[in-house]
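Observations on chain architecture
Below, each chain spelled out in residue letters.
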Amino acid sequence: MMAGNQSATSARIWRNARLATLAEAATGLGIVENGAIAARDGRIVFAGPEADMPQALRDGADLIDCEGRWITPGLIDCHTHLVHAGNRANEFEMRLAGATYEEVARAGGGIVSSVKALRAASQSDLVAQTLPRLDALVSEGVTTVEVKSGYGLDLDNEAKSLRAARHLAELRPVTVRTTFLGAHALPPEANGDKDAYIDLVAGPMLDRIAAEGLADAVDGFCEGIAFSTAQITRVFDAARAKGLPVKLHADQLSNLGGAALAAHYGALSADHLEYTDDAGAAAMAAAGTVAVILPGAFYFIRETKKPPVELFRRHGVRMAVATDNNPGTSPLTSLLLTMNMAATLFAMTVEECLAGTTREAARALGLRTETGTLEKGKWADLAIWDIESPAELVYRMGFNPLHARIWRGK
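Rules used throughout
- Residues numbered from 1 in each chain as written.
- Predicted model: local features only at pLDDT ≥ 70, side-chain atom pairs only at ≥ 80, totals over all residues.
- Heavy atoms only, no water.
- UniProt positions renumbered as here; feature names shortened; annotations may be inferred.
- Helix = DSSP H or I, 4+ residues; strand = E, 2+ residues; numbered from the N terminus.
- Buried < 20%, exposed > 50% of the residue type's maximum accessible area, 1.4 Å probe, protein only.
- Lys, Arg positive; Asp, Glu negative; His and termini not counted.
- Salt bridge = Lys/Arg side-chain N within 4 Å of Asp/Glu carboxyl O.
- Polar contact = N/O pair within 3.5 Å; in protein donor to acceptor, adjacent residues only side chain to side chain.
- Contact = heavy atoms within 4.5 Å.
- Pairing = 2+ DSSP bridges.
- Right-handed = clockwise from strand over helix to strand, strands pointing away.
- Expected span 1.5 Å × (residues − 1).
- Axes fitted to C-alpha atoms, helices over the stretch in contact; angles between N-to-C directions.
- Parallel < 35°, antiparallel > 145°, perpendicular 65-115°, else oblique.
- Left-handed = near helix turned anticlockwise from the far one by under 90°.
- Nonpolar A, V, L, I, M, F, W, Y, C, P; charged D, E, K, R; others polar.

The name that an unreviewed UniProt entry assigns to the protein chain is Imidazolonepropionase, with the source organism given as Aminobacter aminovorans. Quoted verbatim from the Subcellular location (unreviewed entry) field of the UniProt record, the comment on the protein chain reads "Cytoplasm".

**Regarding the side chain of Lys160**
Summarising the element assignment, Lys160 is placed in helix H6 (residues 155–171). No salt bridge forms around the buried Lys160; measuring N to O, its nearest opposite-charge neighbour Asp154 is 7.5 Å away. A polar contact of 2.9 Å, which involves the side chain of Lys160, links it to the side chain of Asn157. Those residues in contact with Lys160 that sit more than four places away from it in its chain are Leu118, Arg119, Ala121, Ser122, Gln123 and Leu126.

**Observations concerning the pairing of strand S10 (residues 247–250)**
On S10, burial covers both faces: Lys247 and His249 on one face and Leu248 and Ala250 on the other are all buried. Of the strand pairs in this sheet, strand S9 (residues 217–222) and S10 are connected by two bridges, and their pairing is parallel. Each residue of the ladder has a partner; that of Phe221, found in S10, is His249. Relative to strand S11 (residues 269–272), S10 runs parallel, the two being bridged by four bridges. Within the sheet, the bridge partner assigned to Ala250 lies in S11 and is His272. A crossover links S10 with its parallel partner S11, the connecting element being helix H9 (residues 258–264), and its sense is right-handed.

**Digging into the UniProt feature "binding site: 4-imidazolone-5-propanoate" (unreviewed entry) in the protein chain**
According to UniProt, the "binding site: 4-imidazolone-5-propanoate" (unreviewed entry) feature falls on Arg88, Tyr151, His184, Gln252 and Thr329. Inspection of the secondary structure puts Gln252 in the loop between S10 and H9. Note on Gln252: relative accessible area 5%, which makes it buried. Structurally, the position occupied by Thr329 is in the loop between strand S13 (319–321) and helix H13 (335–346).

**A closer look at helix H8 (residues 229–241)**
Residues three or four positions apart in an α-helix share a direction because the helix packs 3.6 residues into each turn. When the terminal C-alpha atoms of H8 are compared, their 18 Å separation across 13 residues agrees well with the 18 Å that a helix rising 1.5 Å per residue should span. Check the buried side of H8 and you find it contacts strand S8 (175–183), helix H7 (194–211), S9, S10 and H9. Two residues or fewer after H8 comes Gly243, characterised by a positive phi angle close to 75 degrees.

**Points about the environment of Ser149**
Looking at the element boundaries, Ser149 is found in the loop between strand S7 (142–148) and H6. In this structure the C-alpha to C-alpha distance between Ser149 and Phe180, which are 31 residues apart in sequence, comes to 5.4 Å. For Ser149, the residues in contact, after removing those within four places along its chain, are His81, Glu158, Ser161, Leu162, Thr179, Phe180, Leu181 and Gly182. Within the structure, the side chain of Ser149 is placed 2.6 Å from the side chain of Glu158, a separation counted as a polar contact.

**Digging into the sheet that holds S9**
On the basis of which strands lie adjacent, the open sheet formed by eight strands has the order S6-S7-S8-S9-S10-S11-S12-S13 and parallel pairing. The outermost strands of the open sheet, each flanked by one partner alone, are strand S6 (75–77) and S13. If you compare each strand with its neighbour and ignore which way they point, the axes differ by 25 degrees on average. Sheet strands touched by H6: S7 and S8. Its angle to S8, the strand with the most contacts, is close to 170 degrees. Relative to the sheet, H7 contacts S8 and S9, its axis offset from that of S8 by approximately 150 degrees.

**Some points on the packing of H6 against H7**
The geometry of H6 relative to H7 is characterised by a closest axis approach of 10 Å and an angle of 30 degrees between their N-to-C directions. On the basis of their axis angle, the class for H6 and H7 is roughly parallel. Where H6 crosses over H7, the two elements pack in a sense that is right-handed. Across from Leu155, Asp156, Glu158, Ala159, Leu162 and Arg163 in H6, the residues of H7 making contact are Pro204, Met205, Arg208 and Ile209. When the residues that make up the contact of H6 with H7 are grouped by side-chain class, the tally is six nonpolar, no polar and four charged.

What follows is the structure, given as structure tokens:
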């Protein structure tokens, strides 16, 4: 699939292909029959009907015959907790026996058990444990992945997590966006004092993480078992002062007004959203905040309250879809299966699922101008598939039809 010696000025062209461009201005998936894509220096310089490609691009180009295969943008997993240590299979057993997510957390399990494991691991341990999970995503055509911290819950270990996430991009051809999630849970040593811990998150922790350039965004968990809207507000104010965009785990187990809070701060995304109401959806639409739908967690903890997909449609809220890979509530490393879950569990359409793992996922990471669609000027991040129609990417379970994955033209 890959061709040989490309000069600095020549293009690499993937021809004889069917394109699902997902372009902003396109209808539906932006399908182009008999299409071609040309890239130079890692960027797309042409995407459209092969007959319309300028002859100047063809001269001296490396030509790759796709033999009628489909090309989509490379997939984007815009919400993961990929860097973690160990697993929580024992809690899975507890839930099978009837314990709820909140009961597990209040019994000392949940996020706190992952904190203990992560603190005991070195940065190299974390990288080694994370790479198989990243490789699973990459093998299905993922070219961009977001990785949150949130299992360190002190300055040194949060920084260690984010450094491990950054290092992943040095070991694999993938774009990694890091998110500081210090306001994920209360560490044991806080002795129940949430306000004092938030002082640390919004103060010394964020100061150092921002100074070292370890985070591309700041996140929080707004929930009864985590932090209040007032506490998250303090974190978001500190993030804004540092020039960092925000995201929010919102309305997953109850409606504390998290979606509206995220919208108030112009958040890139609000995620989970099972309990979001009409006012929250309207606020998100007005702010351009993306709703990140996470069917893996819904499925794994056997939730019954579905995110209000129809409400988001009615208000025009953009929807992304992500794995939420984490050790406790979504040990999922297949974005293809995630799309099937979003369709099957939440009645999302094929178009919504594919846009949700490409164009809208890029939007949820603040990368809309860089990747997520097959358009001139964007990174040449491509997934080439052995399929007859794009619907197969959502329809199948446990089957990977990826033929080739291209990251920045290579």
